[in-house]
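# Residue-level structure breakdown
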Amino acid sequence: MARPVLPAACLVALGALALLRGVAFVAAPGQEQVPALRGQDVVAKSGVAATAAYASAVAVAPMPAEAALSEKQWNSFGQVFAIFFLFFWVAGFVRLLTLGRL
């Protein structure tokens, strides 16, 4: 039963290799030098003024986590989560001990 499946599987594997021959994770190196860092092209093309404007815009914008919740809200959530987690941990541990097998 396994004998007829083996040649078919080999043919499918060879076909997949033939189709994926040109696919690579990393592109081949090109002739044009691309800057390694994202900010380098901004400085090279439009100068320091554009970089300063971009930096000031980023500095003024609020961070997403700071805008969503305050530290007091995170602390109150942590207290409720700790009690919730402790309840389920103790319930699971009691069940483990009462089953009679470890």
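Residues numbered from 1 in each chain as written. Predicted model: local features only at pLDDT ≥ 70, side-chain atom pairs only at ≥ 80, totals over all residues. Heavy atoms only, no water.

## Details of the overall build of the chain
Looking only at helices and strands, the chain has five helices and zero strands in total. Taken from the N to the C terminus, the helices and strands of the chain come in the order α-α-α-α-α. Counting over 102 residues, the chain shows a buried share of 0%. Counting every atom, the chain has about 10,100 Å² of accessible surface; 72% of that belongs to carbon and sulfur. (Helix = DSSP H or I, 4+ residues; strand = E, 2+ residues; numbered from the N terminus. Buried < 20%, exposed > 50% of the residue type's maximum accessible area, 1.4 Å probe, protein only. Areas by Shrake-Rupley, 256 points an atom, 1.4 Å probe, with all protein chains shown as cover.)

## Focus on the confidence of the model for the chain
Here the chain averages 76 in pLDDT, and 66% of its residues register 70 or above. Within the chain, the element-level pLDDT minimum falls on helix α2 (residues 40-46), averaging 58, and the maximum on helix α5 (residues 71-99), averaging 93. (pLDDT = per-residue confidence, 0-100.)

## Observations regarding the packing of aromatic side chains
In total, this model carries six aromatic pairs according to the counting rule given. Measuring from ring centre to ring centre gives 6.2 Å for Trp74 and Phe77, while their planes differ by 80°; the resulting arrangement is edge-to-face. You can see Trp74 and its partner Phe77 sitting in helix α5, three residues apart, about one turn around the helix. Its relative accessible area of 46% is what places Trp74 among the partly exposed residues. An aromatic cluster of three or more residues is present, and its members are Trp74, Phe77, Phe81 and Phe85. (Phe/Tyr/Trp six-rings, centres within 6.5 Å; stacked < 30°, edge-to-face > 60°.)

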